[in-house]
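Listed here are the chains, written in short residue letters.
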Amino acid sequence: MAEDNSNNELIERILSLKKQRNAVILAHNYQRPEVQDIGDFVGDSLELSRKAATLKDADTIVFCGVHFMAETAFILSPGKVVLLPDSELGALWLT
């Protein structure tokens, strides 16, 4: 039960930050199910990079994948902040 509450609080915090930053979450299909569940889009590297290039309304892209995918999203999405969550570092920011 305590773990469920902790997960729910984390999800609420993520969704709140997503709204504050006008962010979209792109989750690679190899991510854990709970990461995919909060993703706005789930797919493979190519799909997600293409999706990043078409996002017009978001100011921030949170790319739950590997570094090169976030770099590709950054190149294809000029003017947007691209974040790559990392459990050891907190997050990498590409701006």
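Whatever comes next refers back to the structure up there.
About the thresholds
Residues numbered from 1 in each chain as written. Predicted model: local features only at pLDDT ≥ 70, side-chain atom pairs only at ≥ 80, totals over all residues. Heavy atoms only, no water. Salt bridge = Lys/Arg side-chain N within 4 Å of Asp/Glu carboxyl O. Helix = DSSP H or I, 4+ residues; strand = E, 2+ residues; numbered from the N terminus. Contact = heavy atoms within 4.5 Å. Buried < 20%, exposed > 50% of the residue type's maximum accessible area, 1.4 Å probe, protein only. Arc of directions from axis to C-beta. Pairing = 2+ DSSP bridges. Right-handed = clockwise from strand over helix to strand, strands pointing away. Patch = residues over 30% accessible without salt bridge, like charges linked within 9 Å, V, L, I, M, F, W, Y side chains within 5 Å. Areas by Shrake-Rupley, 256 points an atom, 1.4 Å probe, with all protein chains shown as cover.

A side chain of one charge can pair with a side chain of the opposite charge when the charged atoms of the two come close. A complete count under the given rule lists two salt bridges for this structure. The shortest N-O distance in the salt bridge between Asp40 and Lys18 comes to 2.6 Å. You can see Asp40 sitting in the loop between α2 (33–38) and β2 (41–43) and its partner Lys18 sitting in helix α1 (residues 2–20), a full 22 residues away along the chain. In this structure, Glu34 and Arg32 form a salt bridge, with 2.4 Å as the shortest nitrogen-oxygen distance.

This part covers the side chain of Ser49. Looking at where Ser49 falls in the secondary structure, it is placed in helix α3 (residues 45–54). With residues up to four places along the chain from it excluded, the contact list for Ser49 reads Phe63, Met69, Thr72 and Leu76.

Here we take up helix α4 (residues 67–76). Taken together, the buried positions of α4 are Met69, Ala70 and Ala73. All buried residues of α4 lie within an arc of 100 degrees about the axis, which places them on one face of the element.

It is worth spelling out the pairing of strand β3 (residues 60–64) at this point. Counting buried positions along β3 yields five of five residues, so the element is predominantly enclosed. Because side chains alternate across β3, one face comprises the buried residues Thr60, Val62 and Cys64, and the other comprises Ile61 and Phe63, equally buried. By the bridge criterion, five bridges tie strand β1 (residues 23–28) to β3 in an arrangement that is parallel. When the sheet's bridge partners are listed, Ala23 is paired in β3 with Thr60. Assessed by its sense of winding, the connection that carries the chain from β3 through α4 to strand β4 (residues 81–86) is right-handed.

Turning our eyes to something else, we now look at a nonpolar patch on the surface. Residues Tyr30, Val66 and Phe68 make up a contiguous nonpolar surface patch of about 290 Å² in total accessible area. Inspection of the secondary structure puts Phe68 in helix α4.

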